[in-house]
Amino acid sequence: MFYRVEVTPRNALDDPQGAGFLRSLRAALPAHAQNIQAALWGEVYWVEFAEGLPQERVEAALREVFWDPVLQKIQWSAEASQAQFGLEKRFRAGVTDNVGKTSEEALRIVLGDGVVRARSGALLRLRLKQDWAAGEWRAVSETVFCNPLIESWKLHSPERLAGAERFSPDFIERDWPRAHSGEGAHASTETVRLGCIS
């Protein structure tokens, strides 16, 4: 049983990560920053549970572990969004995901042995004055949004961001965080030689 959980601030005033992204973008790519009307940073968690767990118990555990009801909204199904685009990032295969591991352990404390695995990432929702070309999305993503050595990223279109597909269990299983290649991937999966001992 697969869940995709998205946690976002209730309003932009409580979004220090979104504000930090905009500050970094203004410093690195000021022309691109001027094109942004609004940005909202959210956390994304992919969780696999053992089959047969009651849905009510699973969703109660997700709320207990991931959600602050005063400051945040939580969703595992589609809901209306004012964002036009979404930039999503996740760790590459083989990179330690400390937040994902901690999430997995916290869910096990709440649910017991019903948690199979968990991973973490981020989803930045953006509203733009006008769309960027593919090269501009790459520049923003790989300069400010993620570290391409250890993270991969992808762009959610307005249709995909508004739709429910990304929350369906079959899609989540196919889209489980791993190094991406092929269509829709924006980062090479080649091994990068960082240095050697001579």
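These numbers come from a predicted model, not from an experiment.

How each quantity is defined
Residues numbered from 1 in each chain as written. Predicted model: local features only at pLDDT ≥ 70, side-chain atom pairs only at ≥ 80, totals over all residues. Heavy atoms only, no water. Salt bridge = Lys/Arg side-chain N within 4 Å of Asp/Glu carboxyl O. Helix = DSSP H or I, 4+ residues; strand = E, 2+ residues; numbered from the N terminus. Buried < 20%, exposed > 50% of the residue type's maximum accessible area, 1.4 Å probe, protein only. Pairing = 2+ DSSP bridges. Axes fitted to C-alpha atoms, helices over the stretch in contact; angles between N-to-C directions. Contact = heavy atoms within 4.5 Å. 1 Å grid on protein atoms, 1.4 Å probe; cavity = no way out; pocket = protein on both sides within 12 Å on 5 of 7 lines; lining within 4 Å. Points joined across faces, edges and corners; volume = space filled by probe spheres on them. Nonpolar A, V, L, I, M, F, W, Y, C, P; charged D, E, K, R; others polar. Phe/Tyr/Trp six-rings, centres within 6.5 Å; stacked < 30°, edge-to-face > 60°. Lys NZ or Arg CZ within 6 Å of the ring centre and 35° of its normal.

Participant: How do you make sense of the pattern of salt bridges when you look at a structure like this?
Facilitator: Pairing between side chains of opposite charge can happen when their charged atoms approach one another. Overall, the coordinates contain 13 salt bridges when judged by the stated rule. Its salt-bridge partner being Arg 125, residue Glu 6 comes within 2.5 Å of it at the nearest N-O pair. One end of the pair, Glu 6, is in strand 1 (residues 2-9); the other, Arg 125, is in strand 5 (residues 115-128), and 119 residues separate them in sequence. Both residues of the pair, Glu 6 and Arg 125, count as buried. Residues Lys 89 and Glu 151 are paired through a salt bridge, measuring 3.8 Å at the closest nitrogen-oxygen approach. With Lys 89 in strand 4 (residues 85-91) and Glu 151 in strand 6 (residues 151-156), the pair connects residues that are 62 residues apart, well separated along the chain. Glu 151 matches Lys 89 in its accessibility class, with the two residues each being buried. Counted as one network, the salt bridges with shared partners bring together Arg 4, Glu 6, Glu 88, Arg 90, Arg 125, Lys 154, Arg 166 and Asp 175.

Participant: Sorry, what's going on with the sheet that holds strand 1 here?
Facilitator: Strand pairing in a sheet is mediated by backbone hydrogen bonds. Such pairs are either parallel or antiparallel. Strands sit in the order 3-1-2-5-4-6 across an open sheet of six strands; the sheet is antiparallel. Every other strand in the sheet has two partners, leaving strand 3 (72-75) and strand 6 as the edge strands with one partner each. Going across the sheet, the axis of each strand differs from the next one's by a mean of 25°, ignoring polarity. Examined bridge by bridge, strand 1 and strand 3 share four bridges and lie antiparallel to one another. Residue pairing for strand 3: Thr 8 is matched across the bridge by Lys 73. Packed on one face of the sheet, helix 4 (residues 98-111) meets strand 2 (36-49) and strand 5 and runs near 125° to strand 5. Lying on the sheet, helix 5 (residues 134-145) is in contact with strand 2, strand 4, strand 5 and strand 6; it crosses strand 4 at an angle near 45°.

Participant: So what exactly am I meant to see when it comes to the layout of surface pockets here?
Facilitator: Where empty space is left becomes clear once a probe the size of a water molecule has been rolled over the atoms. Volume-wise, the largest pocket comes out at about 380 Å³. Taken together, 20 residues make up the lining of the largest pocket; nearest its centre are Leu 40, Ser 81, Gln 82, Ala 83 and Arg 125. Listing elements by their share of the lining of the largest pocket, those giving two or more residues are strand 1, strand 2, strand 3 and strand 5. Residue composition of the lining of the largest pocket, by class: nine nonpolar, five polar and six charged.

Participant: Please clarify how the packing of aromatic side chains should be interpreted in this entry.
Facilitator: Inspection of the entire model under this criterion finds seven aromatic pairs. Ring pairs connect the aromatic residues Tyr 3, Phe 49 and Trp 76, which therefore count as one cluster. Against the face of Phe 145 rests Lys 89, its NZ or CZ located 5.2 Å from the ring centre.

So far we have only geometry, and geometry alone does not tell us how the molecule works.
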